[in-house]
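Each chain, letter by letter, is given below.
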Amino acid sequence: MTRLMAEIIFLVGVFGWGAIRIPHEVKNKRKNRIHVSAVDRRERVLLLISLTGLGIVPITYCLTARFGLLRFADYGFSPAQAWAGAAVFAAALALFLATHRQLGRNWSQTLELREGHTLVTHGVYRLVRHPMYSAFFLWALAQLLLLQNWIVGPAGFVGFGLLYAFRIGREEAMMHEAFGADYAAYAARTRRIIPYLY
Ligand SMILES: C[S@@+](CC[C@H](N)C(=O)[O-])C[C@H]1O[C@@H](n2cnc3c(N)ncnc32)[C@H](O)[C@@H]1O
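Residues numbered from 1 in each chain as written. Predicted model: local features only at pLDDT ≥ 70, side-chain atom pairs only at ≥ 80, totals over all residues. Heavy atoms only, no water.

(A) How the structure looks around the pattern of salt bridges. Applying the stated rule across the entire model yields 8 salt bridges. A single network of salt bridges, built from pairs that share partners, joins Arg-3, Glu-7, Arg-71 and Asp-74. (Salt bridge = Lys/Arg side-chain N within 4 Å of Asp/Glu carboxyl O.)

Take a look at the structure:
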């Protein structure tokens, strides 16, 4: 494994992410109408911050290898660390695919409820309440391991971490309001993003 290979693996992972997300988004937009929306300026800014940390910064870094953008912050390349990153990205993609299949028509990119929204508690949602966010944190970990640069590596954790920290309380409040006792019981028996721990 070389630095270039690690960067290609990262880009392939991002492409795989899009291949899962984009068809789902197109289908959902056409079929499912929004019933409740809590999207405001703060939520839009957080989405942009997350997109920057997980997407814009690392993709620009990988695609501008020849110009050396941000290369001053590279550190000594470890192939073992990069292989671990590739394995983590594969796990993130598998989990991301499962969450899309299981949320189905209830999926939404942001703080919204669809008409006829149902509470999903099966599959990976049996293990944690926010497995899609677990998948995003796995992406951030893969980025840290694959892109061995002091700025680009941690950018995903910073970007998605901010979105998660400021969104999670509002999302859970929205779900409590919509599903009442059912969501309270679900929340009582599950953790947020790491089974049995957190
Ligand atoms: C980007 S998705 C993320 C879903 C979930 N937080 C996760 O990490 O898997 C956000 C939307 O999914 C919906 N949602 C979240 N948890 C849900 C559940 N258990 N069942 C059905 N819809 C859910 C809400 O409408 C929320 O606005």
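More follows now that the structure is in view.
(B) Local environment of a nonpolar patch on the surface. Nonpolar side chains collect at one region of the surface, where Val-45, Ile-49, Val-158, Leu-162 and Phe-166 lie side by side and expose about 400 Å² of accessible area between them. Contributions of two or more residues to the nonpolar patch are made by α2 (41–63) and α5 (152–189). Broken down by element, the residue count for the nonpolar patch peaks at 3 residues, all from α5. Along the chain, Val-45 turns up in helix α2. (Patch = residues over 30% accessible without salt bridge, like charges linked within 9 Å, V, L, I, M, F, W, Y side chains within 5 Å. Areas by Shrake-Rupley, 256 points an atom, 1.4 Å probe, with all protein chains shown as cover. Helix = DSSP H or I, 4+ residues; strand = E, 2+ residues; numbered from the N terminus.)

(C) Structural view of α5. Taking 1.5 Å as the rise per residue, α5 with 38 residues should run 56 Å; its terminal C-alpha atoms sit only 37 Å apart, a clear shortfall. Considering bend angle alone, the principal kink of α5 is centred on Phe-179 and spans about 125°. (Expected span 1.5 Å × (residues − 1). Bend = angle between axes of the 7 residues up to and from the residue.)

(D) Fine view of the packing of helix α1 (residues 3–31) against helix α4 (residues 131–146). Where α1 meets α4, the axes come as close as 10 Å, and the angle between the chain directions of the two elements is 165°. Classified by the angle their axes make, α1 and α4 are roughly antiparallel. Along this stretch, α1 crosses α4, giving a crossing that reads as left-handed. Side by side, α1 and α4 meet where Ala-6, Ile-9, Phe-10, Val-14, Trp-17 and Arg-21 of the first sit next to Met-132, Ala-135, Phe-136, Trp-139, Gln-143 and Leu-146 of the second. Looking at the contact of α1 with α4 residue by residue, the class counts come to 10 nonpolar, 1 polar and 1 charged. (Axes fitted to C-alpha atoms, helices over the stretch in contact; angles between N-to-C directions. Parallel < 35°, antiparallel > 145°, perpendicular 65-115°, else oblique. Left-handed = near helix turned anticlockwise from the far one by under 90°. Contact = heavy atoms within 4.5 Å. Nonpolar A, V, L, I, M, F, W, Y, C, P; charged D, E, K, R; others polar.)

(E) Structural context of the site of the ligand. By nearness alone, 21 residues border the ligand, and Thr-110, Glu-112, Tyr-125, His-130 and Glu-171 come closest of all. A distance of 2.8 Å separates a nitrogen atom of the ligand from a polar atom in the backbone of Val-120. If the ligand stood free it would expose 560 Å²; the protein chains cover 99% of that surface. If one sorts the elements of the shell around the ligand by residue count, α5 sits on top with 4 residues. Looking at the shell around the ligand residue by residue, the classes come out as 12 nonpolar, 7 polar and 2 charged. (Near = heavy atom within 4 Å. Polar contact = N/O pair within 3.5 Å; in protein donor to acceptor, adjacent residues only side chain to side chain.)

(F) Local environment of the packing of α4 against α5. Packing of α4 against α5 leaves a shortest axis separation of 7 Å and a crossing angle of 165°. The orientation of α4 with respect to α5, classified from their angle, is roughly antiparallel. Crossing handedness for the pair α4 and α5: left-handed. When α4 is examined against α5, the residues Tyr-133, Phe-136, Phe-137, Ala-140, Leu-141, Gln-143 and Leu-144 are found in contact with a partner set consisting of Val-152, Gly-153, Pro-154, Ala-155, Gly-156, Phe-157, Phe-160, Gly-161, Tyr-164, Arg-167, Ile-168 and Glu-171.

(G) Broad picture of the UniProt feature "transmembrane region" (unreviewed entry) in the protein chain. Here the UniProt-annotated "transmembrane region" (unreviewed entry) positions come out as residues 6–24, 45–68, 80–98 and 147–166. The span residues 6–24 shows a helical share of 100% and a strand share of 0%, and its end C-alpha atoms are spaced 28 Å apart. For residues 147–166, the helix share is 75%, the strand share is 0%, and the end-to-end C-alpha distance is 26 Å. (UniProt positions renumbered as here; feature names shortened; annotations may be inferred.)

(H) Up close: the packing of aromatic side chains. Tallied over the entire structure, the rule returns 17 aromatic pairs. Taking the centre distance of 3.7 Å and the plane angle of 15° together, the rings of Trp-17 and Phe-96 count as stacked. Taken as a pair, Trp-17 in helix α1 and Phe-96 in helix α3 (residues 79–103) lie far apart in primary sequence, 79 residues in all. Each member of the pair, Trp-17 as well as Phe-96, is classed as buried. Aromatic side chains Tyr-75 and Trp-150 sit 4.4 Å apart centroid to centroid with 40° between the ring planes, which places their arrangement in the tilted category. (Phe/Tyr/Trp six-rings, centres within 6.5 Å; stacked < 30°, edge-to-face > 60°. Buried < 20%, exposed > 50% of the residue type's maximum accessible area, 1.4 Å probe, protein only.)

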